[in-house]
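Take a look at the letters that make up each chain.
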Amino acid sequence: MASIKNLLTLSVAFLFLHSGTVSAQIYFQQGNSQIRKADLNGSGLTPLITTTIKGPLSLDAPNGKMYWSDSSNIRRANLDGTGMEDVLTGQSLVREIAVDPSSSRFYWTDEGDGVVRRAKYDGSNVETLVSGLSSPYGVELDVPDGRMFYVDGSAAHMASLDGSGSSLLHDHGVGGIHSMAIAAADDLIFWAHTAPGPISSIYKMNTDGSGLALVLSGSATSSMRGMGIDLVNKKIYFDEGYGEVIMRANFDGSDLETVLGDAQAPSILPRVGAAVPEPSAAVFGVLALMLLTIVHRPSRS
């Protein structure tokens with residue numbers, strides 16, 4: 001097991017693509033200054049970029065790109081860490097980003113402006129899809145079914161990709177929801193709940209808001225900050241110990257294990273990033289896109 005000690009603010013955003021023997025990888029944030037990747041089993045830990053990063057990663061594996069923000073600017077780079085560039089600047093307080101390779105658009109939540117927006121990959125055609133939100137955070141896309149899921153404080157909502165037809169799916173009350181991940185083929189949404197304070201539980205529900213169920217809670221998620229899912233292997237990945245360890249479990253919470261962490265401090269548990277396979281000439285099948293959307297919830301200062 002590799003060590004990732006001092007992963008104090010790790011992002012969680014996963015896009016899993018599988019084709020033949022190409023293996024998916026985890027991309028994650030270390031602190032507010034570095035993006036790294038590793039294999040799903042924790043091997044092959046590799047630093048990629050040193051940059052300011054204050055929100056979770058979002059991956060566009062078909063085009064070999066990753067997106068992130070420093071709160072006011074949305075940036076991207078190649079999956080190998082080269083070619084970093086600003087895509088959109090001058091935003092208020094970007095929280096999370098989701099990408100739609102099929103339409104060459106990216107979506108994001110801006111807590112400062114209380115909105116969900118989208119734009120073309122070149123930063124043009126900026127559209128406000130949902131406005132008047134008090135605390136927008138997570139955003140996820142189910143492109144095949146034309147659906148967008150977003151979080152506002154303690155409430156999860158669903159809307160069409162153009163923002164129309166927004167409806168409340170679930171309001172958890174005290175605390176907040178973020179770090180959503182969608183398994184559309186299984187008709188499931190996974191999300192993490194703040195207690196308030198650190199995220200303390202992982203829940204799942206059907207994409208229509210029914211069937212709410214607790215997946216993981218207690219010591220394994222007591223200081224968790226983000227999560228993501230692997231649709232192919234039916235696994236949840238999440239961080240613990242304020243980002244010092246990355247863990248995973250089955251969709252039902254069983255077979256909990258540490259993937260990345262300090263073998264000398266097994267009680268300091270995980271925090272995750274984003275997973276995709278290495279680019280190749282093979283034709284990838286997009287199986288899941290999620291912003292694990294997640295890793296660390298920035299302070300509201």
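Our structure is the block above this text.
Rules and cut-offs
Residues numbered from 1 in each chain as written. Predicted model: local features only at pLDDT ≥ 70, side-chain atom pairs only at ≥ 80, totals over all residues. Heavy atoms only, no water. Helix = DSSP H or I, 4+ residues; strand = E, 2+ residues; numbered from the N terminus. Buried < 20%, exposed > 50% of the residue type's maximum accessible area, 1.4 Å probe, protein only. Core = buried A, V, L, I, M, F, W, Y, C linked by side-chain atoms within 4.5 Å. Contact = heavy atoms within 4.5 Å. Phe/Tyr/Trp six-rings, centres within 6.5 Å; stacked < 30°, edge-to-face > 60°. Salt bridge = Lys/Arg side-chain N within 4 Å of Asp/Glu carboxyl O. Pairing = 2+ DSSP bridges. Axes fitted to C-alpha atoms, helices over the stretch in contact; angles between N-to-C directions.

Peer 1: Got a sec to walk through unusual backbone geometry? Specific residues and values, please.
Peer 2: Although it is not a glycine, Ser 71 adopts a positive phi angle of roughly 95 degrees. By secondary structure assignment, the location of Ser 71 is in the loop between β6 (65-69) and β7 (74-78). Backbone geometry at Asn 125 places phi at a positive 55 degrees, although glycine is not the residue there. Tracing the backbone shows Asn 125 in the loop between β11 (115-120) and β12 (127-130). Judged by relative accessible area, which is 55%, Asn 125 ranks as exposed.

Peer 1: Explain the nonpolar core to me, using residue names and the numbers behind them.
Peer 2: Soluble globular proteins tend to bury their nonpolar side chains together. In this structure, Ala 183, Phe 190, Ile 202, Ile 229, Ile 236, Phe 238 and Phe 251 are the most contacted members of the largest nonpolar core, which totals 16 residues. Sorting the residues of this core by element identifies β17 (177-183), β18 (188-194), β20 (213-217), β21 (227-230), β22 (235-240) and β23 (245-250) as the ones contributing at least two each. Sort the elements by how many residues they give to this core and β23 lands first, with 3 residues. Setting aside anything within four residues of it in sequence, one finds Ile 236 in contact with Phe 190, Ile 202, Val 215, Met 227, Gly 228, Ile 229, Met 247, Arg 248, Ala 249, Asn 250 and Phe 251.

Peer 1: So what's going on with the packing of aromatic side chains? Residues and values would help.
Peer 2: The full count for this structure, using the stated rule, is 5 aromatic pairs. Taking the centre distance of 4.8 Å and the plane angle of 15 degrees together, the rings of Trp 191 and Tyr 203 count as stacked. Separated by 12 residues along the polypeptide, Trp 191 in strand β18 and Tyr 203 in strand β19 (residues 199-206) bring together distant segments of the chain. As far as the burial class goes, Trp 191 and Tyr 203 line up, both buried. An aromatic cluster is defined as three or more aromatic residues linked by ring pairs; in this entry it consists of Tyr 67, Phe 106, Trp 108 and Tyr 121.

Peer 1: I'd like a rundown of the pattern of salt bridges, residues and numbers included.
Peer 2: Summed over all chains, the structure comprises 12 salt bridges. Put simply, Asp 145 and Arg 147 hold a salt bridge, and the shortest N to O gap is 3.7 Å. Lys 234 is the partner of Asp 186 in a salt bridge, and the nearest nitrogen-oxygen pair spans 2.8 Å. Linking Asp 186 in the loop between β17 and β18 with Lys 234 in the loop between β21 and β22, this pair joins segments that are 48 residues apart in sequence. The partly exposed category is assigned to Asp 186, whose relative accessible area is 28%. With a relative accessible area of 33%, Lys 234 lands in the partly exposed category.

Peer 1: Can you explain the sheet that holds strand β9 (residues 94-100)? Please cite residues and give values.
Peer 2: Pairing within the open sheet is antiparallel, and its 4 strands lie in the order β9-β10-β11-β12. Unpaired on one side and paired on the other, β9 and β12 mark the two borders of the sheet. The mean angle between the axes of side-by-side strands here comes to 25 degrees, regardless of whether they run parallel or antiparallel. Here β9 pairs with strand β10 (residues 105-110) via 5 bridges, running antiparallel. Residue Asp 100 lies in a different strand from β10, and its bridge partner there is Arg 105.

Peer 1: Explain the environment of Phe 106 to me, and be specific about the residues and the numbers.
Peer 2: Inspection of the secondary structure puts Phe 106 in strand β10. Accessibility expressed as a relative area gives 0% for Phe 106, which makes it buried. Apart from the residues within four sequence positions on either side, Phe 106 is in contact with Tyr 67, Ile 74, Val 87, Leu 88, Ile 97, Ala 98, Val 99, Arg 117, Arg 118, Ala 119, Lys 120 and Tyr 121.

Peer 1: How would you sum up the pairing of β6? Please name residues and give values.
Peer 2: Burial analysis of β6 places 4 of its 5 residues in the buried class, the great majority of the element. Both strand β5 (residues 58-60) and β6 contribute to a ladder of 3 bridges, which runs antiparallel. Of the residues in β6, the one forming a bridge with Asp 60 is Lys 65. A loop of 4 residues connects β5 with β6, the two strands running antiparallel in sequence, and Gly 64 in this loop sits at a positive phi of about 65 degrees.

Peer 1: So what's going on with the pairing of strand β13 (residues 136-142)? Which residues, and what values?
Peer 2: Among the 7 residues that make up β13, 7 are buried, leaving the element largely enclosed by the rest of the structure. Here β13 folds back onto strand β14 (residues 147-152), and the loop between the two strands holds 4 residues, one of which, Gly 146, carries a positive phi near 65 degrees.

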